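Examining the three-dimensional arrangement
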Amino acid sequence: MGDTQIMPSESTNPASDATDHRDTLCIVGAGPHGLITARAALKNGLKFEIIERHSDAGGLWDATNSGTPLYSSCHFISSKNASAYPEYPMPDDYPDYPSHHHILAYIRGFARDFGIYPHIQFNTEVVSAAAAGDGTWLVTLSNGETRRYAGVVCCPGSNWHPRMPDLAGAFNGEIIHSRDYNDPSQFAGKRVLVIGLGNSGADIACDAAFAAEATFVSVRRGYHFVPKHLFGVPLVDFLHGVGHELVPPAMQGMDLGEIVAAITGDPSRFGLPKPDHALLETHPLLNTQLLHYFSHGDAKAKGPVDRLDGDYVCFADGSREKVDMVVCATGYDYKIPFIDEAEFDWVNGRPQFYMTAFHRKHPTLFALGLLEAGGVPYQQMDDIANFIVQQMRDRTVDPARAALWDERVRTEQINLKEGVNYVDTPRTTNYVNVETLIREIARLKGETGWKTADQPGYYDQLRTEHAQ
């Protein structure tokens, strides 16, 4: 299949030192989302290049990359069946919840099997990308080169820029972000406080409960502790209808929240606040191991931190605990550091895009992977990657359809949260209801005529070509 070379606008604003790549789409990042964009480009015959600052594919799933949030006990919180790339299942011998080692091998296998590696320039960072005024982009690289590209797809990952809390007072011990946690040896002989209880915070608290002298967990709100398996079936698989016949007769007719509550009990018995939201109205906490440590006294729940006081941490309820190390599992800021922040519409530190991916003012600027969901939208991310590359292809082969799409992106408003009353926090700003996302993708496919991998075999020929 020949590459579609994207034709430039008649109006040009040449930069004298820019290498001409204006027939090529620039994908920034060879992590999971950069790679699915690349596969979609290969499928649609669109010329592209990936610029990757690290030495191999994998993004944050490569524990050797500086700044990765991985720690030794890190595992996927979604199952291998629900989290695979469309048309590329994880190996049968992978566990239900693969480790970060499994995921990295899987990602690199994907890049190899679909012939993506030859299109990646490694050990090169995108320093800046700026609109040239004619639809093209001037991309400056860390080697000093500037290239003019037809468009830019930003796949920067969402867990590279730690958000630290504003803690009053002074502390004699060590304060780190969860990104800087590696393994339980950091906790040996210490009294550890973990602030925050997302999935990483809960994992790290479990490591501390096992390895530290004492472990405390500071939370501001209540959480639902969700088992990773229901009736022996991984949670997300169960949500997709697998294993419902295994539900005991006494529990049939119960909704998910009732089932979880029946299995785990009321977490407030450990001093945690009661949840103020329904089960899937924020990111689910898939960790019941921490309840084990609470029940055995190896970890203790605390409320919000009031201030630091030398060797102690004081809490809002007036209590205080002697602490040697504070781990701030307080999340990450979303950044696209190589593009001027003024180019984006920001809400709660999250950049806003049409259908989570299309810039409303720059038709040739995209982002993939900066959304979150209570479900697992891997198929939908692949669908959107196909939308991106087909929109770019249309700029050459069907300019009228491209113009209609540009107008839609500028003017159409879609509430992708529709159907779920998400908790109002920065974490849920870019949350989508997967059912709504699926419905809108289907509508847009019908209205544009674009194709996605919604039928088996969509990528078969592409994989066969690169297996030879």
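Our subject is the structure listed above.
Note that the structure is a prediction, hence the values are computed from the model and not measured.

Counted according to the given criterion, the structure contains 34 salt bridges. The partner of Asp20 in a salt bridge is Arg22, and the shortest N-O contact between them spans 3.0 Å. Residue Arg22 is classed as buried on the basis of its relative accessible area of 18%. When the shortest N-O distance is used, the salt bridge between Arg39 and Asp382 registers 3.2 Å. Here Asp382 lies in helix H7 (residues 378-397) and Arg39 lies in helix H1 (residues 32-43), a separation of 343 residues in the sequence. For Arg39, a relative accessible area of 0% gives the class buried.

Here we have five strands laid out as an open sheet, ordered S9-S18-S10-S11-S14, and parallel in their pairing. Looking at the sheet topology across the chains shown, the edges are occupied by strand S9 (174-177) and strand S14 (300-302). Strand-to-strand twist of the sheet, defined as the mean angle between neighbouring strand axes without regard to direction, takes the value 20°.

Relative to the 20 Å expected for 14 residues at 1.5 Å per residue, helix H2 (residues 100-113) spans 20 Å between its end C-alpha atoms, a close match to the ideal helical length. Burial of H2 is extensive: ten of the 14 residues sit out of reach of the surface. Residues of H2 that are buried include every one of His100, Ile103, Leu104, Tyr106, Ile107, Arg108, Gly109, Phe110, Ala111 and Asp113, and no others. Among the residues trailing H2, Gly115 stands out with phi positive, at a value near 70°.

The next subject is the environment of Gln186. By the secondary structure assignment, Gln186 is in the loop between S9 and strand S10 (191-195). Here the side chain of Gln186 touches Asp180 through a polar contact of 3.4 Å, landing on its backbone oxygen.

This part covers helix H9 (residues 434-448). With 15 residues, H9 should reach 21 Å at 1.5 Å per residue; the first-to-last C-alpha distance of 21 Å fits that figure. Of all the positions in H9, only Val434, Thr436, Leu437, Glu440, Ile441, Leu444, Lys445 and Thr448 are classed as buried. Buried residues in H9 make contact with strand S23 (372-373), H7, helix H8 (399-411) and strand S24 (431-432). The first or second residue beyond H9 is Gly449, which carries a positive phi of 80°.

Take the pairing of strand S4 (residues 126-131) next. Regular strands have side chains that alternate between both faces of the sheet. One ladder, built from five bridges, connects S4 with strand S5 (residues 137-141); its direction is antiparallel. Pairing of Ala131 across the sheet is with Trp137, part of S5. Taking the residues between adjacent antiparallel strands as the criterion, S4 and S5 are bridged by five residues, where Gly133 takes a positive phi near 100°.

Thresholds applied
- Residues numbered from 1 in each chain as written.
- Predicted model: local features only at pLDDT ≥ 70, side-chain atom pairs only at ≥ 80, totals over all residues.
- Heavy atoms only, no water.
- Salt bridge = Lys/Arg side-chain N within 4 Å of Asp/Glu carboxyl O.
- Buried < 20%, exposed > 50% of the residue type's maximum accessible area, 1.4 Å probe, protein only.
- Helix = DSSP H or I, 4+ residues; strand = E, 2+ residues; numbered from the N terminus.
- Pairing = 2+ DSSP bridges.
- Axes fitted to C-alpha atoms, helices over the stretch in contact; angles between N-to-C directions.
- Expected span 1.5 Å × (residues − 1).
- Polar contact = N/O pair within 3.5 Å; in protein donor to acceptor, adjacent residues only side chain to side chain.
- Contact = heavy atoms within 4.5 Å.

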